[in-house]
Amino acid sequence: MTDSEHQPPSPDRYRQGGDRTSPFSSTTVDRMGDSGNVWNLHGGQIVLPRVFGFCRGVKRALVVVEEAVAGGGKSGGRFFLLGQIIHNPWVNEHFRQAGVRMLSGEQLAELEKHIGTDDCAIIPAFGLPLPVERRLRAIGCRIVDTTCTDVRRLWAWAEKACRRGFAVLIFGRAGHDETVVTRSRLEDLGGKYLIVGDLEQAGHFCRIVEGTSPDEKFAQFLPQATNAESIEPFLRLAQVSQTTMLHGETIKLRGMLEESFTRRFGASGLSDRLLLYPTVCRATQDRQTAAVELCRTGCDVVIVVGGFGSSNTRHLYELAGGFCPTYFIEDSAAIRSRDELLTMDFATGASAVVRHWLPARRPVRIGVLAGASSPEIVVGAVLDRLAEFLACGRE
Ligand code: SF4
């Protein structure tokens, strides 16, 4: 059986541990790893970056959940995932099939209706908004917490700065689970936050700090992005980034802030007024660096594999798009034929069909990227599917 035929295993197979070390691994990816992440075929070459796929934090989260589920619950106890364990539909479906129930955002609002004292609640890798976590702990059920240590470190820095009287600028997506949790922890401390999603919004903020835009322009930030009404609290500022943001953009943002604060207040005493924390995690940085390295070697087309809701995978897509035609897909089924591929139009949030995605030239070189939440089993199935178009098997 190739990886493309693989479906999430049945609950029984899952509980028995399966016949491989991990239900997320892929023989195709293993074999490519043995060949230097290159697959040479008659019609061209498929290449992987030196680092891709599951990060340490995701691996740990999935092992913890697997072990908890395999160990079973108290008599009659059920397993609940409080939101998606990670932003990948295949992985979430895998745990659903293993008997884990997933609570939606609306259900989290009525947590006590769904979870009882005999149940086991699983906190996702991005953590839980603090009020929800408190209510969960009050239920008295068993809790399996898979929050990544890099996310916890971000919280610790942001909270410490908040206690010292700094308002916090979060570089991230306002609706992303991790940033929602970071925001909740600052609100709990009575602190002020502002979320900027890109360098354009950051520039708007910097112009108000410098005074080249009037203070009233602060009102242009959307209500869901801030709990402040003016720039005032942000003149003593701590900056953190969602762990999965583009590292290069984060560095630019920090430079912009330093420049604006220096223009307004002068260089002396800057560190008493501006704290800059390097919170983009190492796994995110490594995958971004490796993706750029691969693209620089020259690819005719790049396929990015991962959940459409995955922030770090989307940034790989943005990076690769600066080099060659790039398509973001969730799994091998999205590659309908050599002429048709199913992707997402991020501008509209709707599915989009792309035609003629595969260049006609031969030999063709196809790069494949995968984010920190993309399981090898899904990447392997995509590799198998791509290999079909490059004709025959390995050389
Ligand atoms: S991407 Fe980074 S922060 Fe997120 S789970 Fe992986 S290591 Fe942790």
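Along each chain, residue indices are assigned from 1 in the same order as the chain's sequence is written. Selection of residues for local features in this predicted model requires a pLDDT of at least 70, selection of side-chain atom pairs for listing and counting requires 80 or more, and totals for whole chains, interfaces and linings are taken over all residues. Based on all heavy atoms of the structure, the side-chain values leave hydrogens and waters out of the count.

### Comments concerning the overall build of the protein
Of the regular secondary structure elements, the protein holds 14 helices and 15 strands. Relative to its length of 395 residues, the protein is compact, with a C-alpha radius of gyration of 23 Å against a globular reference of 21 Å. Summarising its shape, the C-alpha atoms of the protein cover approximately 65 × 60 × 35 Å along the three principal directions. Categorising residues by exposure relies on relative accessible area from a 1.4 Å probe, with only protein chains included: less than 20% of the type maximum marks a residue as buried, more than 50% marks it as exposed, and the intermediate range marks it as partly exposed. Sorting the 395 residues of the protein into buried and exposed places 52% on the buried side. Pairs at least 24 residues apart make up 70% of the contacts formed inside the protein by residues separated by at least 6 positions. Residue exposure ignores everything except the shown protein chains as possible cover, and the areas themselves are Shrake-Rupley values with a 1.4 Å probe. Surface summary for the protein: the accessible area is close to 17,200 Å², and the carbon and sulfur share equals 49%. Positive charge is attributed to Lys and Arg, negative charge to Asp and Glu, and no charge count is given to His or to the chain ends. A charge is said to be at NZ when it belongs to Lys, at CZ for Arg, at CG for Asp and at CD for Glu. For the protein, the separation between the mean place of its 46 positive charges and that of its 46 negative charges on side chains is 3 Å. For helices the rule is a DSSP run of H or I covering at least 4 residues; for strands it is a run of E covering at least 2, with both sets numbered from the N terminus onward. To get the radius of gyration, use the C-alpha atoms; to get the globule rule, take the number of residues to the power 0.38 and multiply by 2.2 Å. Every residue pair with non-hydrogen atoms within 4.5 Å of one another is taken to be in contact.

### Considering the pattern of salt bridges
Opposite charge on two side chains permits them to pair, given that their charged atoms come into close proximity. Salt bridges are defined by distance alone: a side-chain nitrogen of Lys or Arg within 4 Å of a carboxyl oxygen of Asp or Glu. Evaluated as defined, the whole model comprises 18 salt bridges. Notably, a salt bridge pairs K113 with E110, separated by 3.1 Å at the nearest N-O pair. The class for K113 is exposed, based on a relative accessible area of 65%. Put simply, E340 and R336 hold a salt bridge, and the shortest N to O gap is 3.0 Å.

### Quick look at the pairing of strand β8 (residues 193-196)
Of the two faces of β8, the one carrying Y193 and I195 and the one carrying L194 and V196 are both buried. Two strands are counted as paired when DSSP detects at least two bridges linking them. Pairing geometry for strand β7 (residues 167-171) and β8, over four bridges, is parallel. Paired with V168 across the bridge in β8 is Y193. Handedness is read with the strands pointing away from the viewer; a crossover is right-handed when the path from the first strand over the helix to the second is clockwise. At this point the chain moves from β7, through helix α9 (residues 177-188), to the parallel β8, and the crossover so formed is right-handed.

### What about the sheet that holds β7?
Taken in spatial order, the four strands of this open sheet run β8-β7-β9-β10, and their pairing is parallel. Strands with a single pairing partner mark the edges of an open sheet, and in this sheet they are β8 and β10 (274-276). Pairs of neighbouring strands in the sheet enclose a mean axial angle of 20 degrees, with direction left out of account. Pairing geometry for β7 and strand β9 (residues 237-241), over five bridges, is parallel. Paired with F171 across the two strands is S241, which belongs to β9. Running at roughly 170 degrees to β9, helix α8 (residues 149-163) makes contact with β7, β9 and β10 of the sheet. The axes used here are C-alpha line fits, helices contributing only the stretch in contact, and every angle between their N-to-C directions lies in the interval 0 to 180 degrees.

### Comments concerning the site of the ligand
Whether a residue is near a molecule or strand depends on its heavy atoms: if one lies within 4 Å, it is near. Taken together, C55, G57, V58, C148, D150, V151, T243, C281, A283, T284 and A372 form the complete shell of residues around the ligand. Taken together, the elements giving at least two residues each to the shell around the ligand come down to α3 (56-71), α8 and α12 (282-296). Under this grouping Gly is polar, as are all residues other than the nonpolar Ala, Val, Leu, Ile, Met, Phe, Trp, Tyr, Cys and Pro and the charged Asp, Glu, Lys and Arg. For the shell around the ligand, the per-class residue count stands at seven nonpolar, three polar and one charged.

### Here we look at the domain arrangement of the protein
Quite often, the size of an interface is put as the accessible area lost when its parts meet. Start and end points for every domain follow an automatic or database-based domain assignment. Here the protein is described as being made up of domain 1 (3-11 + 25-55 + 283-389), domain 2 (57-148) and domain 3 (150-280). Placing a centre on the C-alpha atoms of domain 1 and another on those of domain 3 gives a separation of 33 Å. A simple way to read buried area is as the amount of 1.4 Å-probe accessible surface that goes missing from two parts once joined, with both sides added. Summed over both sides, the interface of domain 1 with domain 3 buries roughly 790 Å², with 52% coming from carbon and sulfur. Sorting the residues of domain 1 by area buried against domain 3 places Q285, S311 and H315 first, and these three jointly supply 51% of that buried surface. What qualifies as a polar contact is a pair of N or O atoms within 3.5 Å, subject to a donor-acceptor requirement within protein and to the restriction that residues adjacent in sequence count only when both atoms come from side chains. Put simply, domain 1 and domain 3 have eight residue pairs in polar contact (both at pLDDT 80 or more) between them.

### A few points about the environment of R355
With respect to the helices and strands, R355 occurs in strand β14 (residues 350-355). Within the structure, R355 has its side chain in polar contact with the side chain of E340 (distance 2.4 Å).

### Remarks on the environment of E112
Structurally, the position occupied by E112 is in helix α6 (residues 111-114). Classification of E112 by relative accessible area gives partly exposed; the value is 43%. C-alpha of E112 to C-alpha of F346: the two residues are 234 residues apart in sequence and 35 Å apart in space.

### With respect to the environment of S310
Counting through the fold element by element, S310 comes out in the loop between β11 (301-305) and α13 (311-321). Not counting the four nearest positions on each side in its chain, S310 is found in contact with H87 and S373.

### With respect to the pairing of strand β1 (residues 38-41)
Side chains W39 and L41 project from β1 onto a buried face, and the interleaved V38 and N40 project onto a face without burial. As paired strands, β1 and strand β2 (residues 44-47) are joined by four bridges and run antiparallel to one another. Note on β2: the bridge partner recorded for W39 is I46. The antiparallel hairpin formed by β1 and β2 contains two residues in its connecting segment.

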